[in-house]
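Residue-level listing of the chains:
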Amino acid sequence: ADEGITHDGSKLVGTISGITDGVLTLETEFAGTLAIPMDQVDTFRAEDPLTVRLESGETMTGTVSVDESESVEVIGTAGSLKAPKNEIRLTWLPGQQDPDIAALQRNWEYRAALDVTGSSGNTEKSSARISLEAELVGPDDRLKLSAQHESGENDGETTARETKVGARYTNFVSEKWGWFTRVSFENDKFEDLDLRVLGSGGISYRVFDKEHHYLATSAGLAYQYSDFSTGESEDLIGLDLGLIHHYEFENLVVTETEISYIPSFEDPADFRLEHSSWGQVPISGGGQ
């Protein structure tokens, strides 16, 4: 087994799975996954080979150890590499993808939800809602596609019959600042709405974007056109103010909230407020 000794003399035994951002990750049988800051590690030793990349960009795969002089040594088939411990930028297990390459790749995420309710008695009620989402996430941009349909009846009378599809794209040109654009199409038979089209775009500000915690805001201009089956139509020109918050708790519970507030320039009391929240909880262990 691998082992690490901290400055206070504690000896931790397990399997070293990597070092990222100055934190050593140790998988143990007695305490699960431990994240130990490297500045608290006195020495460590890994029995199995690791691929190590230094701040200088030098990379080597081999057995890794850190001595009491706080120097790391990697001994591989092509030779050895020795450097100060604080020069380690990241490590990963051989056979795994290079984290620097993985960080530049986009990945698709998919979500689906179905909600069906009903009651019988003095009144007969039923409702159903289905929601589908696909999101392409990269290090500096996000593309989100969504579709949802809701229907409901109360004693044979329609109480909901709505369909909505939309897309939103956000691109960050710097660490904090970027731009966004989005469009949505809506049909609501219950409200005699044949078609509502909303288009908007503007600037985005990334408050922070950590591995498991993301918060961004946006502000832009919006145009909305609504056409009703009664022959009437409406226009709205205003602002599009938004917020997106994403949080993952220990790679298990995932929550996300998205809020958009769209007030009209002509009459601020005429506004549209959109809110979407979802949570994801695994039904089995292992964080999968």
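Computed from a prediction, not measured in an experiment: that's the story for all the values here.

### A few points about the overall build of the protein chain
In terms of regular secondary structure, the protein chain is built from 1 helix and 19 strands. For 288 residues, the compact-globule estimate of 2.2 N^0.38 gives 19 Å, and the protein chain exceeds it by more than 25% at 26 Å. Considering the protein chain as a whole, with its 288 residues, one finds that 33% of them fall into the buried category. Taking contacts inside the protein chain between residues at least 6 apart in sequence as the whole, the part at least 24 apart equals 42%. When the accessible surface of the protein chain is summed, it comes to about 16900 Å², and 54% of that surface belongs to carbon and sulfur atoms. Measuring between centres, the 22 positive side-chain charges of the protein chain sit 2 Å from its 52 negative side-chain charges.

### Points about the layout of surface pockets
Each pocket or cavity is described by its volume, and for the largest pocket that value is around 1800 Å³. Forming the boundary of the second largest pocket are 37 residues, of which Arg129, Ser131, Glu133, Gln148 and Ser276 lie nearest the centre. Listed by contribution, the elements that provide at least two residues to the lining of the second largest pocket are strand 10 (107-119), strand 11 (125-137), strand 12 (141-154), strand 13 (157-172), strand 14 (177-188), strand 18 (253-263) and strand 19 (271-280). At 9 residues, the largest contribution of residues to the lining of the second largest pocket is made by strand 19.

### Digging into a negative patch on the surface
Together, Glu232, Glu234, Asp235, Glu266, Asp267 and Asp270 make up a region of like negative charge exposed at the surface. By the element assignment, Asp270 lies in the loop between strand 18 and strand 19.

### Quick word on the confidence of the model for the protein chain
On average, residues of the protein chain score 87 in pLDDT, and 98% of them reach the 70 mark or higher. Looking across the protein chain, the model is least confident in helix 1 (residues 99-104), with a mean pLDDT of 78, and most confident in strand 14, with 96.

### Focus on the pairing of strand 14
Residue alternation in strand 14 divides its side chains into a buried set, Gly178, Phe180, Arg182, Ser184, Glu186 and Asp188, and an unburied set, Trp177, Trp179, Thr181, Val183, Phe185 and Asn187. The pairing of strand 13 with strand 14 spans 11 bridges and is antiparallel. Bridging from a neighbouring strand, Gly166 pairs with Ser184 of strand 14. Linkage of strand 13 to strand 14, two consecutive antiparallel strands, is achieved through a turn of 4 residues. Bridge count between strand 14 and strand 15 (residues 193-209): 11 bridges; the pairing is antiparallel. When the sheet's bridge partners are listed, Trp179 is paired in strand 15 with Ile203. Linking strand 14 back to strand 15 in an antiparallel pair, the connection comprises 4 residues, with Asp192 at a positive phi of about 60°.

### Re a nonpolar patch on the surface
A cluster of nonpolar side chains, namely Leu241, Leu243, Ile259, Tyr261, Phe271 and Leu273, defines an oily patch on the protein surface of about 500 Å² accessible area. Within the residue set of the nonpolar patch, elements represented by two or more residues are strand 17 (233-249), strand 18 and strand 19. Topologically, Ile259 is positioned in strand 18.

Scoring rules and cut-offs
Residues numbered from 1 in each chain as written. Predicted model: local features only at pLDDT ≥ 70, side-chain atom pairs only at ≥ 80, totals over all residues. Heavy atoms only, no water. Helix = DSSP H or I, 4+ residues; strand = E, 2+ residues; numbered from the N terminus. Rg over C-alpha atoms; globule rule 2.2 N^0.38 Å. Buried < 20%, exposed > 50% of the residue type's maximum accessible area, 1.4 Å probe, protein only. Contact = heavy atoms within 4.5 Å. Areas by Shrake-Rupley, 256 points an atom, 1.4 Å probe, with all protein chains shown as cover. Lys, Arg positive; Asp, Glu negative; His and termini not counted. Charge placed at Lys NZ, Arg CZ, Asp CG, Glu CD. 1 Å grid on protein atoms, 1.4 Å probe; cavity = no way out; pocket = protein on both sides within 12 Å on 5 of 7 lines; lining within 4 Å. Points joined across faces, edges and corners; volume = space filled by probe spheres on them. Patch = residues over 30% accessible without salt bridge, like charges linked within 9 Å, V, L, I, M, F, W, Y side chains within 5 Å. Salt bridge = Lys/Arg side-chain N within 4 Å of Asp/Glu carboxyl O. pLDDT = per-residue confidence, 0-100. Pairing = 2+ DSSP bridges.

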